[in-house]
Protein chains: 2
Amino acid sequence: MATPPKTSPASDRARHRPNKKEQGAATREKLLRATVEVIRVNGFAATSTTMIVEQLGVTRGALNHHFADKEELILAVGKLLLDDGIAQLGAGINAEAPVGEKLARYADSVLRLYLSGDMLVWIDILMTARRDRTSMRRMRDFFNEMDARSYDIWMRLFARDCPDKARLVAARDVLFNFAAGMAINRIFVKHDGYWRDLLAFLEQMLLDGLDRPAPTDWPRDRGWVDQFPSSRPC
Amino acid sequence: MATPPKTSPASDRARHRPNKKEQGAATREKLLRATVEVIRVNGFAATSTTMIVEQLGVTRGALNHHFADKEELILAVGKLLLDDGIAQLGAGINAEAPVGEKLARYADSVLRLYLSGDMLVWIDILMTARRDRTSMRRMRDFFNEMDARSYDIWMRLFARDCPDKARLVAARDVLFNFAAGMAINRIFVKHDGYWRDLLAFLEQMLLDGLDRPAPTDWPRDRGWVDQFPSSRPC
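For every chain, the first residue of the written sequence is number 1, and numbering continues from 1 along that sequence. Written order decides the labels, with chains lettered from A and ligands numbered from 1. This being a predicted model, a pLDDT of at least 70 is required before a residue's local features are given, and a value of 80 or more before pairs of side-chain atoms are given or counted; all residues contribute to the totals for chains, interfaces and linings. Hydrogens and water are ignored here; the side-chain numbers use all heavy atoms of the structure.

**Brief notes about the layout of surface pockets**
We place a 1 Å grid over just the protein atoms. Points where a 1.4 Å probe fits but has no way out form a cavity, open points with protein on both sides within 12 Å along at least 5 of 7 lines form a pocket, and any residue with an atom within 4 Å of a point lines it. Grid points are joined across faces, edges and corners, and a volume is the space filled by probe spheres set on the points. Reported here for the largest pocket is a volume of approximately 380 Å³. In terms of lining residues, the largest pocket is bounded by 25 residues, among which Leu113(A), Tyr114(A), Met119(A), Trp122(A) and Met146(A) are the most central. Going through the elements one at a time, helix H4 (70-88), helix H5 (99-114), helix H6 (117-129), helix H7 (133-158) and helix H8 (165-185) of chain A together with helix H8 (165-185) of chain B are the ones with two or more residues in the lining of the largest pocket. The dominant element in the lining of the largest pocket, judged by the number of residues it contributes, is H4(A), at six residues. Here the lining of the largest pocket is composed, by residue class, of 16 nonpolar, five polar and four charged. Numbering goes from the N terminus for both helices and strands, where a helix is a DSSP run of H or I of at least four residues and a strand is a run of E of at least two. Just so you know the grouping, Ala, Val, Leu, Ile, Met, Phe, Trp, Tyr, Cys and Pro go in nonpolar, Asp, Glu, Lys and Arg go in charged, and all remaining residues, Gly too, go in polar.

**As for the UniProt feature "DNA-binding region" (unreviewed entry) in chain A**
Look at the UniProt record and you will see "DNA-binding region" (unreviewed entry) annotated at residues 48-67 of chain A. End-to-end, the C-alpha atoms of residues 48-67 of chain A are 14 Å apart, and along that stretch the chain is 75% helix and 0% strand. UniProt positions are given in the numbering used here, feature names are shortened, and annotations may be inferred rather than shown by experiment.

**Points about the relation of the copies chain A and chain B**
The operation relating the two chain copies consists of a rotation about an axis and a shift along that axis. In this comparison the copies share one frame, found by least squares on the C-alpha atoms of residues holding pLDDT of at least 70 in both. Aligned on chain B, chain A shows an RMSD of 0.1 Å; the corresponding rotation is 180 degrees and the shift along the axis is 0.0 Å. What we have between these two chains is a two-fold relation. By residue overlap, the copies meet face to face through one surface: 100% of the interface positions of chain A are interface positions in chain B. Note on contacts: a residue pair is in contact if any heavy atoms of the two residues lie within 4.5 Å.

**Considerations on the interface of chain A and chain B**
Across the boundary between the two partners, chain A contributes 52 residues, which contact 52 residues of chain B. Buried area, as used here, totals the accessible surface that two parts lose on assembly, with accessibility defined by a 1.4 Å probe and the loss added over both. Between chain A and chain B, the buried area comes to about 4,900 Å², and carbon and sulfur atoms account for 72% of it. Here, a salt bridge means any side-chain nitrogen of Lys or Arg that lies within 4 Å of a carboxyl oxygen of Asp or Glu. Taken together, the links from chain A to chain B amount to two salt bridges. For Asp124(A), the salt bridge goes to Arg131(B), with nearest N and O atoms at 3.9 Å. Within 3.5 Å is the distance limit for a polar contact, defined as a pair of N or O atoms, with the added protein rule that one can donate a hydrogen and the other accept it, and that residues adjacent in sequence qualify only through two side-chain atoms. Taken together, the links from chain A to chain B amount to eight residue pairs in polar contact (both at pLDDT 80 or more). Broken down by secondary-structure element, the contributors of at least two residues to the side of chain A that touches chain B are helix H1 (20-42), H6, H7, H8, helix H9 (192-211) and helix H10 (224-227) of chain A. Sorting elements by how many residues they give to the side of chain A that touches chain B places H8(A) first, with 13 residues.

**Description of the confidence of the model for chain A**
Where the model shows low pLDDT, its predicted coordinates should not be examined in detail. Residues and elements named next belong to chain A. Of all residues in chain A, 84% have pLDDT values of 70 or greater, and the mean over the chain is 82. Along the chain, pLDDT gives the predictor's confidence residue by residue, from 0 to 100. Model confidence for chain A, summarised as mean pLDDT per element, is weakest for H10 at 46 and strongest for H5 at 93. Predicted confidence for residues 218-234 stays below pLDDT 50, and this span has 55 contacts to residues more than four positions away or in other chains.

Structure follows, in structure tokens:
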């Protein structure tokens, strides 16, 4: 094998032996995914760093090497869940496909994302964070980023199918609120076939909705995008 | 004032001096509402009976007189929230009114219910309960009862407007999952005008939906009612 050039292109990454920085990143991600699991099992409020260190089988020093304190660890967990989620949303959908096909595939990605245990971890962190002003501000930043990024994906896929932006935004917001409720209610109703059918029903309503003009009494330019300026596209 | 008869009719209740049993019931409800407040502020996982006793300013003996242990207290809190919620749902709506008017008023009652702090207390208890088999079984009973009672209200109001029961059930389930997501997402988006508008948008979709035949691929007689036999009406 030829000596790799000093700055190897992305496609060569898989071949070369991971350097210290890459090993560090891998360890960091492993710690984060294990932390998600600890929170999922024990609940966020009951999870201490001592518990994390014990269940991960690492030293506190090793954990601290990557995350200065619990706050930093939780922030990194939130970021990981966010990136994972956004990467799944609408992945591999061609914006030029027929709208019905796009919506079905998009709904499918929402289903996978919101029925994963990860989404309950996110809601769990959120429910606890809401009682603390600093945590709340940080979570708000996450929420804002999640909203902005998922908004961009939604618009990229569906803007061409509906000239009425207010209706397009409302349809997205209905879908995402439904999905959050689904994550909660699935604690009891574990039958995934039911959720698939119900989402398909909603999807049909959304499809019909996109196809019609917005009702005149729906206020334009109002919604989450109004609450979170960074997600406002224009 | 005349001496009240031994068994006073309901309409006289407001006039006569409360007896011991009634005083006990009033104290019990006061304790429960105060407990809801303690849970709302501190989070369910962080709430101990010691904390409840301290913040309520009662003796442990007084609390134990009404509730043998924390389990019994939480069950009573759940029952109170359930009864409160069901009493609000669709209250005062005439089943013979036009469907659009009924749906608007029903959505309004859902909005009030799910945007109240009580609904987050319920979700908080639920999120914690899901890690414990016994609590889970009890919460499941609550969930089942809530589902059955709200199903009965929904059918009483809307069965005459849609001959297709599968579609009627699906519309209800979409609405309630949306509402649960709204309770969660409102932690960040406190703008109630936004929620009112978004619910009005969904309401329009539901109204159009009830008016059309069900898509042939929506499986009939499947849904929550299938998971919870006691809520199955036929």
